[in-house]
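# Analysis of the macromolecular model
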Amino acid sequence: MKISDILSTNKISISLEVFPPKKDSSYEVVETAVKEIAHLKPSFISCTYGAGGGTSSNTVKISKLIQDQGVTSMAHLTCVSSNTEEVKKQIKRIKEAGIENILALRGDIPKDYVEPTEPHFTHATELVKFIKQEYPEACIGGASYPEKHPEAASKDEDIRHIKEKVDAGCDFLTTQMFFDNSTFYNYLYRLREEGINVPVLAGIMPVTTKRQMERSIELSGCIIPPRFKALVDKFGDNPEAMKRAGIIYATDQIIDLIANGINHIHIYTMNKPDVSEGILNNLKGIV
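Everything numeric in this text was worked out from a predicted model, so none of it was measured. (Residues numbered from 1 in each chain as written. Predicted model: local features only at pLDDT ≥ 70, side-chain atom pairs only at ≥ 80, totals over all residues. Heavy atoms only, no water.)

## Some thoughts on the overall build of the chain
Regarding its fold elements, the chain presents 11 helices and 8 strands. Computed over C-alpha atoms, the radius of gyration of the chain comes to 18 Å, within 12% of the 19 Å expected from 2.2 N^0.38 for 287 residues, which places it in the range of a compact globule. Taking the principal axes of its C-alpha atoms as reference, the chain extends roughly 50 × 45 × 40 Å. Each of the 287 residues in the chain was classed as buried or not, and the buried ones make up 51%. Across the chain, every contact between residues at least 6 apart in sequence was considered, and the portion connecting residues at least 24 apart equals 80%. As displayed, the chain offers around 13600 Å² of accessible surface, 50% of which is attributable to carbon and sulfur atoms. In the chain, 34 side chains carry a positive charge and 38 a negative one; their mean positions are 2 Å apart. (Helix = DSSP H or I, 4+ residues; strand = E, 2+ residues; numbered from the N terminus. Rg over C-alpha atoms; globule rule 2.2 N^0.38 Å. Buried < 20%, exposed > 50% of the residue type's maximum accessible area, 1.4 Å probe, protein only. Contact = heavy atoms within 4.5 Å. Areas by Shrake-Rupley, 256 points an atom, 1.4 Å probe, with all protein chains shown as cover. Lys, Arg positive; Asp, Glu negative; His and termini not counted. Charge placed at Lys NZ, Arg CZ, Asp CG, Glu CD.)

Here is the structure:
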């Protein structure tokens, strides 16, 4: 099923995210986690591509596994470390596996990045256009940044780039994590003011360890509200309490979003079935 069809209804959708194993020797562990997450029957599950495309060989395999469990899947596809021919081959693999949904991303630039001499992509907008050319039936998603892309000079510039990506053929957007819902509401208003009217999935990251919060700030630069800082200060050194508090905080964010008319939520639970189940159990009777 195409994700655009899921998002076209007024029904609330809750999607989850997993990542492939970094080493083939860990595949069975990840496979078990993915099956447990798929058993929760989210609206769809996306599978990441890995830094620099490092786990790309298993992205299609995991995405196919998800569909074999009866759940719609979406394969991530990054382009920064690949030339045009490599990207073309990956799109072909995705199509042959019967996966209809692709999240088109530039990807993080590796520290040792050397720009390919062959034809290649520098922006996600170029990748979106290429997917449209190679796999026109595909449903294409794109990333967006409520607190602006770290490399954008301003919020206005960032919104312009998002508009270019949507105009190129993005069917929907998924935001990076945020911990203050007012950030998302303000961002959604700016998108609509710019004429960007595709569905926007609110990206929620359940932070269940103190290190995870530090890593989230390091990677995304997202603002951590005082309420959440207090939670980490109180429970950060108690792993079980911190995990439970993180699940509750994420649940509270989601409930507030739904109460304010946001019907589509993407949860970055990654390969944690217990966290996924904890949030979905908290939402029973609401979604």
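## Brief notes about the packing of helix H6 (residues 155–168) against helix H7 (residues 181–193)
Relative orientation of the contacting elements H6 and H7 amounts to 60°, with a least axis distance of 10 Å. One element, H6, and the other, H7, form an angle in the oblique class. Crossing hand, H6 versus H7: right-handed. Each of Lys 155, Ile 159 and Ile 162 in H6 lies in contact with H7, whose residues at this interface are Tyr 187, Arg 190 and Leu 191. (Axes fitted to C-alpha atoms, helices over the stretch in contact; angles between N-to-C directions. Parallel < 35°, antiparallel > 145°, perpendicular 65-115°, else oblique. Left-handed = near helix turned anticlockwise from the far one by under 90°.)

## Quick notes on the packing of H7 against helix H10 (residues 239–259)
Look at H7 against H10: their axes get within 10 Å of each other, and the N-to-C directions meet at 35°. Judged by the sense of rotation from one axis to the other, the crossing of H7 with H10 is right-handed. Within the contact between the two elements, H7 uses Asn 181, Phe 184 and Tyr 185 and H10 uses Gln 253, Asp 256 and Leu 257.

## Overview of empty space enclosed by the protein
Evaluation of the coordinates by the stated rule reveals 1 cavity of 30 Å³ or more. If you add up the space inside the largest cavity, you get close to 30 Å³. In terms of lining, the largest cavity is formed by Met 205, Pro 206, Gln 212, Tyr 268, Thr 269, Met 270, Lys 272 and Val 275. Residue composition of the lining of the largest cavity, by class: 5 nonpolar, 2 polar and 1 charged. (1 Å grid on protein atoms, 1.4 Å probe; cavity = no way out; pocket = protein on both sides within 12 Å on 5 of 7 lines; lining within 4 Å. Points joined across faces, edges and corners; volume = space filled by probe spheres on them. Nonpolar A, V, L, I, M, F, W, Y, C, P; charged D, E, K, R; others polar.)

## Here we look at the pairing of strand S5 (residues 139–144)
Looking along a regular strand, one sees the side chains alternate between the two faces of the sheet. Where burial is concerned, most of S5 is hidden: 6 out of the 6 residues are buried. Alternating positions in S5 separate into two faces, Cys 139, Gly 141 and Ala 143 on one and Ile 140, Gly 142 and Ser 144 on the other, with burial throughout. With 4 bridges connecting them, strand S4 (residues 101–105) and S5 associate as parallel partners. Note on S5: the bridge partner recorded for Asn 101 is Cys 139. Examined bridge by bridge, S5 and strand S6 (residues 172–175) share 4 bridges and lie parallel to one another. The residue bridging Gly 141 from the neighbouring strand is Phe 172, located in S6. Handedness of the crossover is the feature at issue here: the chain leaves S5, passes through H6, returns alongside S6, and the resulting connection is right-handed. (Pairing = 2+ DSSP bridges. Right-handed = clockwise from strand over helix to strand, strands pointing away.)

## Topic: the environment of Glu 126
Relative to the helices and strands, Glu 126 is located in helix H5 (residues 124–134). With 33 residues separating them in the primary sequence, Glu 126 and Ile 159 have C-alpha atoms 17 Å apart. Beyond its immediate sequence surroundings of up to four residues, Glu 126 is in contact with His 120 and Phe 121.

## Description of the sheet that holds strand S7 (residues 200–204)
With respect to topology, 8 strands assemble into a closed barrel ordered S1-S2-S3-S4-S5-S6-S7-S8, the strand pairing being parallel. Each strand axis lies, on average, 30° off the axis of its neighbour in the sheet, ignoring direction. Inspection of the sheet shows strand S3 (residues 73–78) paired to S4 by 4 bridges, in the parallel sense. From the neighbouring strand, Thr 78 faces S4, where its bridge partner is Leu 105. H5 contacts S3, S4 and S5 of the sheet and is inclined by roughly 150° relative to S4. Running over the sheet, H7 touches S5, S6 and S7 and is turned about 155° from S7.

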